[in-house]
Amino acid sequence: MAGTNRELADFLRRARAQVDPARAGLPPDGRVRRVPGLRREEVARLAGVSTDYYARLEQGRRIVPSSAVVEAIARALELDAAGRAHLDDLIGLTSTPTRPRTRDAQRVRPGLHQLLDSLDGEPALVLGRRTDILAANRMAKALFADFDRIPAPRRNYARWMFLDQDARSLFVDWQDQARAAVESLRFEVGRDPDDRATAELVAELREHSREFTRWWEQHRVHQRTHGSKRLRHPLVGELTVEYETLSPPGDPDTTLFVYTTEDGSPSRRAMNLLASWTASSAPTPSTQST
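Calculation criteria
For every chain, the first residue of the written sequence is number 1, and numbering continues from 1 onward in sequence order. Note on the predicted model: pLDDT of at least 70 is required for a residue's local features to be given, and 80 or more for side-chain atom pairs to be given and counted; whole-chain, interface and lining totals, by contrast, use all residues. Calculated side-chain values reflect all of the structure's heavy atoms, with hydrogen atoms and water omitted. Criterion used throughout: strands pair if DSSP finds at least two bridges between them. By the criteria applied, helices consist of DSSP H or I runs no shorter than four residues and strands consist of E runs no shorter than two, each listed in order from the N terminus. Note on exposure labels: buried denotes an accessible area under 20% of the residue type's maximum, exposed denotes more than 50%, and partly exposed covers the range between, all computed with a 1.4 Å probe on protein chains only. The contact criterion used is simple: two residues touch if any of their non-hydrogen atoms lie within 4.5 Å. Salt bridge, as used here: a side-chain nitrogen of Lys or Arg that lies within 4 Å of a carboxyl oxygen of Asp or Glu.

Relative to strand S4 (residues 237-246), strand S3 (residues 226-233) runs antiparallel, the two sharing eight bridges. In the sheet register, Leu231 faces S4, and the bridge partner there is Leu239. Pairing of S4 with strand S5 (residues 255-260) involves five bridges; the strand directions are antiparallel. Across the sheet, Glu244 pairs through a bridge with Val258, a residue of S5.

This is the structure we're talking about:
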C-alpha cells in the first residue's frame, strides 16, 4: 500500500478500537469481544455501508468514498473535528493542493517578524511545517528556551519537547503537552504524507523516546487552535499561560502562537517579573530559521 493508504488503514483501525460499543448504542449480542472497541461490521452498520465496503476501506484499498459516506464513518467512529479533518486528508477529500516533492525552506516574511517584535510584552512564536520553530520573540525565548542556541536545521518544537531535558523540567503538565505535540505531528503527516523531512523527524523521535513511540502508535490527532500550558519557570516559578493560534492569510503552513496570562493573576505577575528581568538584556530580533 502507498503511504497514505497505510496511514488511513492504521488510523481507522485505531479509531475503531477507541469507541465504546455501549456508548455507541450497540446492545450486547452475547459474543466475546477479543479486542477493544467496535468490530468492522458494527462500524459499517452504524455508517450505513456494507461490511465488505468498510473492510476494503480499512485495508487501505484504493477507493474514494463520497463526503456523505466519510461523514457517516466519522460519526460512527466518534471523531472530533481534528479527527474528521485528518480522515479527509487521508482519503483525499481536502481541497488543499498537493505539495510539491521539493519543498523550499520556509521563511517568515518581514511584516510577521515586526509583529512578533511588537508583541514584546507577550511571548509569541511562529511554527512551520512539522512544528519547525521559524521565529520567536524575546519573551518567548525567555519563557521557553533560547532557541537561537539550537542550530536552525534542528530548531523544532517536537524535537525540543522530547529530547531536551530542560523542556521536561519546564512543563508541569509535560505529558499532556508532549502528547499534544505528537498528535499535532500526526495531523501534519496526514496533510503531507510524502514529506521526507517529517519522516526523518518521526524516525529520530521514535528511536530516542519511548513515550513518543507509544503515543505515535496510538494514531490520535490534534489540531492546536487554543489551550493552556502550566510551567515551572526557573526564574519566576509556576505560571499558567493561555495560547491562541493564527494562520497568516496565504500561508497555511505557518502558525503564529501568542501566549497570554490573566490580568491580575499570579501568572500575570510572574510574566511581568520575567519581562522586567529580561528587559535589561540587549534586544534580539525574533529567531529566523535558515
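We are not done yet, so read on.
This brings us to the environment of Ala44. Among the structural elements, Ala44 can be located in helix H2 (residues 40-47). Given the relative accessible area of 0%, Ala44 is considered buried. Apart from the residues lying within four places of it in its own chain, the contact partners of Ala44 are Val49, Ser50, Thr51 and Tyr54.

A word on the pattern of salt bridges. A complete count under the given rule lists 25 salt bridges for this structure. Arg159 is the salt-bridge partner of Glu204, the closest N and O atoms lying 2.9 Å from each other. Of this pair, Glu204 sits in helix H11 (residues 196-208) while Arg159 is found in helix H8 (residues 157-163), placing the two residues 45 residues apart along the sequence. There is no split in this pair, since Glu204 and Arg159 are both buried. One salt-bridge network, in which partners are shared between bridges, spans Glu7, Asp10, Arg14 and Arg186.

Take it as geometry only, folks, not as evidence of what the structure does.
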